[in-house]
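A structural walkthrough
One-letter residues, chain by chain:
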Amino acid sequence: MKSENPFTLTFGKQPPEYVSRYENSTSVISSFTGKYPTSQTYLIEGVRGSGKTVLMTAISNELQESGEWVAADLMPTGDLLEELANRLSDIVRDHKQWIPSNLSLSVAGTRLEWKDKSLSQDSISVIEELLKILKKKKKNLLITIDEVTPGQNLREFASEFQILIRKEYPVFLIMTGLYENIYSVQNDKSLTFLLRAPKIHLEPLSIYQISTQYETALRVPLETANELAALTKGYAFAFQALGLLYYDKKETQSLSDILPKLDGMLEDFVYRKIWESLSDKERQIVKAIPEEGIKSEIIRERLSMTSSVYSKYRDRLIKKGVLKAPQYGYVENALPRFSVILERY
């Protein structure tokens, strides 16, 4: 009987077959857990499907395993301060032994009642009172915000977060986002402190590690594992999708039989959204690049672009994680089978 498939397409969940980003996670954890933290904020940027949320989740899980950390996961679209007050209330309520005898918490989490004093019931007051409890219990709070976008909601949260740090509360923050959103957030005049925050740009996963995991999980020869790993180009979503399909393929099927299914998953889950987010000139450049790559000079001639215009959009696509420059004067799509799928557009 075949065991359960170890690969998954569930976004954000740490899958059983997971290629760890040791350098990235170690950098964040060592920074946060040092006697004198070098930073209390980290930004993680990358293209859709590159594993931003999985990395953030892995870091959060590892910190909480120590017993010295608790985590509050916030939705970027809601009232971040109110949501933080609610999450903190949930955390404290789950640890009843932390709650002082003269304090009662409301079900909503945004109301505190002390028997011996009155207290303003706004979210900020609730957050500070609950953080005092965490600090007394020597617990650190990790706040995570996935796929952050710029806006007034984030500005208000970030302003208060800076105040909490100045007051020496044990608060730490990880935010993930697309390149363009992280760029906008860092360059918001109201969020200048984020310019100093360390930023992790997610590179492709290790092809060697992917091959090793494919060889073990799929029980295939090393040559086949290498072929499959190379096909993914280190793209995290492709690693999971191809593994999922290959694990469940019938004995009579070959790799060529499952490639159309892989293309469908890539297009449906991530590539369509990536394509829709590109500008007209970015689309022209991406669509003109074959799967094996091409000289930049040829692209410029085909599209009748000046060197300066082409360079501007090429560099932007590289920062977005859509293109890569394997060597000087050449460019290719960083995403596996992107060119093949775009031929149908």
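In this text the structure is predicted, and so the values were computed from the model without any measurement. (Residues numbered from 1 in each chain as written. Predicted model: local features only at pLDDT ≥ 70, side-chain atom pairs only at ≥ 80, totals over all residues. Heavy atoms only, no water.)

Turning our eyes to something else, we now look at empty space enclosed by the protein. Following the criterion strictly, the structure yields one cavity of 30 Å³ or more and no others. When its volume is computed, the largest cavity comes out at roughly 80 Å³. Those elements that place two or more of their residues in the lining of the largest cavity are α6 (179-186) and α10 (255-277). Residues of the lining of the largest cavity, tallied by class, amount to six nonpolar, two polar and three charged. (1 Å grid on protein atoms, 1.4 Å probe; cavity = no way out; pocket = protein on both sides within 12 Å on 5 of 7 lines; lining within 4 Å. Points joined across faces, edges and corners; volume = space filled by probe spheres on them. Helix = DSSP H or I, 4+ residues; strand = E, 2+ residues; numbered from the N terminus. Nonpolar A, V, L, I, M, F, W, Y, C, P; charged D, E, K, R; others polar.)

What follows is about the sheet that holds strand β1 (residues 41-45). Strand order in the open sheet formed by five strands is β2-β5-β6-β1-β7, with parallel pairing between adjacent strands. Every interior strand has two partners, whereas the edge strands, β2 (69-74) and β7 (199-201), have only one. On average, each strand axis in the sheet is tilted by 20 degrees relative to the strand beside it, whichever way the strands run. Examined bridge by bridge, β2 and strand β5 (residues 140-145) share six bridges and lie parallel to one another. From the neighbouring strand, V70 faces β5, where its bridge partner is L141. The sheet strands contacting helix α1 (residues 22-33) are β1, β2, β5, β6 (171-177) and β7, and the helix crosses β1 at an angle near 165 degrees. Across the sheet, α6 is in contact with β1, β6 and β7; its angle to β1 comes to roughly 145 degrees. (Pairing = 2+ DSSP bridges. Axes fitted to C-alpha atoms, helices over the stretch in contact; angles between N-to-C directions. Contact = heavy atoms within 4.5 Å.)

Before going further, it helps to spend a moment on the environment of L43. The residue L43 is located in strand β1 in this model. Along the primary structure L43 and D122 are separated by 79 residues, whereas in three dimensions their C-alpha atoms are 28 Å apart.

The quantities given are spatial measurements derived from coordinates; they are silent on function.
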